[in-house]
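Examining the three-dimensional arrangement
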Amino acid sequence: MTLKFCSDGEYNVEMDDLELLYRTYVKDSLSSGRMEEDKLAALNQLRNILGLGKREAESITADITSKVYREQLAQFITAGELETSESKAVFLQNLCEQLHFDAQKASEIHADSIMEFVYDIFCDPGMFNVHED
């Protein structure tokens, strides 16, 4: 972060630097794979201290949380945990709750993932080649 000292001894900090600081704290808060209540409260305080708008802070948090959600979902699918769960819906809801992630955004991620999967299948140039012997 670059601090610019003014003539009266105070300093100016670029807004991008403040957003980066907030983004870094959000990443750190989610590093355990869940958003703890105390970290959530600290994020709200940090938002106020840094002078970030509510929408701006929510956008940063949603961006990072969606990436963490995707990563964890991929890990759970690869490990077979989602497949072996009694209820996939409950499993995914619990994941959303642990991350304090909006279930609607999670549904959008699922839809995007399905579309990417279908695209990969049908747009693979070698997928439908018929080999003559």
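Notes on the structure follow. Computed from a prediction, not measured in an experiment: that's the story for all the values here. (Residues numbered from 1 in each chain as written. Predicted model: local features only at pLDDT ≥ 70, side-chain atom pairs only at ≥ 80, totals over all residues. Heavy atoms only, no water.)

**Considering the pattern of salt bridges**
- One pass over the full model with this rule turns up three salt bridges.
- One salt bridge in this structure joins Asp63 and Arg23, with 2.9 Å as the shortest N-O distance. With a gap of 40 residues between them, Asp63 in helix α3 (residues 54–79) and Arg23 in helix α1 (residues 15–29) connect regions that are remote in the sequence.
- Take Asp63: its relative accessible area is 28%, and that puts it in the partly exposed class.
- Residue classification places Arg23 among the partly exposed residues on the basis of a relative accessible area of 24%.
- Between Asp63 and Lys67 there is a salt bridge, and its shortest N-O distance comes to 3.6 Å. In this pair, Asp63 and Lys67 both sit in helix α3, four residues apart, roughly one turn of the helix.
- The class for Lys67 is partly exposed, based on a relative accessible area of 46%.
- One network of salt bridges, with partners in common, ties together Arg23, Asp63 and Lys67. (Salt bridge = Lys/Arg side-chain N within 4 Å of Asp/Glu carboxyl O. Helix = DSSP H or I, 4+ residues; strand = E, 2+ residues; numbered from the N terminus. Buried < 20%, exposed > 50% of the residue type's maximum accessible area, 1.4 Å probe, protein only.)

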